[in-house]
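Report on the structure
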Amino acid sequence: MKISETVTVNEQNHLTIDGKDAMNLIKKYGTPLYVYNVSLIRERARLFVDTFRKLGVKAQVAYASKAFSCIAMCQLAAEEKMSLDVVSGGELFTALRAGFPADRIHFHGNNKSESELRMAINAKIGCIVVDNFYEIECLKRLCGELDTQVSILLRVAPGVEAHTHEYVVTGQEDSKFGFDLFNGQAEEALMKTLDDTFFNVLGVHSHIGSQMFETEGFVLAAEKIFNQLLNWKKKFGYFPEVLNLGGGFGIRYTDEDRPLPVSDYVEVIVEKIKSLAYEARVDIPEIWIEPGRSIVGDAGMTLYKLGSQKTVPNTRQYLTVDGGMGDNIRTALYDAKYTGVLVNRVYDQNETTYAIAGKCCESGDMLIWDLPLPTVKEDDYLAVFSTGAYCYSMASNYNRLPRPAVVFVENGEDKLVVKRESYEDIILNDLQLNEI
Ligand code: LLP
């Protein structure tokens, strides 16, 4: 039976993930455990890719691997004909080891190191999204040294504020990312790169925020960027091949979230750019986007074993899981909201509202502040939904807790894609104080 778009339950009242009883996964792999519904990831990816195809525009859908990166995920993105956005040497290395086609990798970051850029150039990746003047100079030096040219996008800050949590807004003027579109910086960056033989300027990029539930931000950003592009066309005779509008498409964490179908965002973006191009009598640029959360967010969940409890009379009933901020720091960091159910008793009557705490030595280590559940017994397990994005990728070894394993499930078949860390892994890079 289906309890939501993404979650089903079997006759034993157990949660199932893409046809697999979650209790079997717990028995096989232990907890905490990240589990992904691969069919859902494919569905999300296809909806983006197919919508562009239907609308008949040239496009690239680049999966933002910062949301969740591992070798298997890069391979899945490649299977689904996505491009890949990486933001560090580590993400790039993972993609290359996964055999991801280099020409479909885009490299972001506001402080790429020389060695990261060298790795990207040597791997002949599709493009580098240049963020600042420092990077332009660094790339010039490297291209001279390596006797090569790089394709670039210029990251611009279009001064559009996305309606979302303030910590994830990146497109407003006071931002550490990109060249400001209107104070002359973006134009200066264009002048520095356009006629330089080391650079092939493919176009511009902007990313205005994350977890957005409306399309207005994209429309506004597209308009502002287009106006500036038309100015530049007059001034320099240059019009870009590519317009990349970034990611940020919202997903459902709890019932309060009402995301639009991803096809709606794509349709609005494409129609806007088409009409702007038509009005200005220019060719429609290739449209690139970079969804992260909307590809993997609600396709992932975390399974925990429930443990200790503490009652604070007249205030709260704490219930602890065997993980916490080490595997999901989003509640502590952004006051993110999650929901969940007992894996082994999904439809039992809810009787108690619990505050779900982690096991780290930190009061802020909470996952959910008020989750109604059946009264919990020994050997109950909790599933926290929509943890597929920015949980594994932001995981840490705080308190020297090993990071959980990651399992992919597709049509009833499970596959371990990241091993659980061991205590040996925890001390792998430690050296003795007095090495003999
Ligand atoms: N492109 C760029 C340039 C970005 O900076 C981001 C996210 C994305 C694409 C993907 O955005 P998405 O579609 O996943 O929203 N740690 C935060 C989210 C930070 C997002 C950073 N940039 C969180 O846990 O909510």
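Residues numbered from 1 in each chain as written. Predicted model: local features only at pLDDT ≥ 70, side-chain atom pairs only at ≥ 80, totals over all residues. Heavy atoms only, no water.

**Things to note about helix 6 (residues 133-146)**
Here helix 6 is 14 residues long and its end C-alpha atoms lie 20 Å apart, about the 20 Å a rise of 1.5 Å per residue gives. For helix 6, the full list of buried residues reads Glu 135, Ile 136, Cys 138, Leu 139, Leu 142 and Cys 143. Burial along helix 6 is one-sided: seen end-on, the buried residues are contained in an arc of 165°. Looking at the buried side of helix 6, the elements it contacts are helix 5 (114-122), strand 8 (127-130), strand 9 (150-157), strand 10 (179-180), helix 7 (185-194) and strand 11 (199-205). The N-capping residue of helix 6, defined by a side-chain oxygen 3.4 Å from the backbone nitrogen of Tyr 134, is Asn 132. Two residues or fewer after helix 6 comes Asp 147, characterised by a positive phi angle close to 50°. (Helix = DSSP H or I, 4+ residues; strand = E, 2+ residues; numbered from the N terminus. Expected span 1.5 Å × (residues − 1). Buried < 20%, exposed > 50% of the residue type's maximum accessible area, 1.4 Å probe, protein only. Arc of directions from axis to C-beta. Contact = heavy atoms within 4.5 Å. Polar contact = N/O pair within 3.5 Å; in protein donor to acceptor, adjacent residues only side chain to side chain.)

**A few points about the pattern of salt bridges**
If the charged atoms of two oppositely charged side chains come close together, the side chains can form a pair. The full count for this structure, using the stated rule, is 24 salt bridges. Ionic pairing is found between Glu 188 and Lys 192, a salt bridge with its closest N-O pair at 3.4 Å. With a gap of 4 residues between them, Glu 188 and Lys 192 both fall in helix 7, about one helical turn apart. What makes Glu 188 partly exposed here is its relative accessible area of 34%. On the basis of relative accessible area, Lys 192 is assigned to the partly exposed category, the value being 30%. (Salt bridge = Lys/Arg side-chain N within 4 Å of Asp/Glu carboxyl O.)

**Description of the domain arrangement of the chain**
The domain architecture assigned to the chain consists of domain 1 (7-37 + 298-426) and domain 2 (108-291). Centre-to-centre separation of domain 1 and domain 2, based on C-alpha positions: 36 Å. Contacts between domain 1 and domain 2 engage 8 residues on the former and 7 residues on the latter. Here domain 1 packs against domain 2, burying approximately 730 Å² in sum over the two surfaces, 58% of which is carbon and sulfur. Among the residues domain 1 hides against domain 2, the three largest losses belong to Tyr 334, Lys 337 and Ser 386. Together they make up 50% of the total. Inspection of the region where domain 1 meets domain 2 yields 1 residue pair in polar contact (both at pLDDT 80 or more). Residues belonging to the side of domain 1 that touches domain 2 are distributed by class as follows: 3 nonpolar, 2 polar and 3 charged. (Domains from an automatic or database assignment. Buried area = accessible area lost by both parts, 1.4 Å probe. Nonpolar A, V, L, I, M, F, W, Y, C, P; charged D, E, K, R; others polar.)

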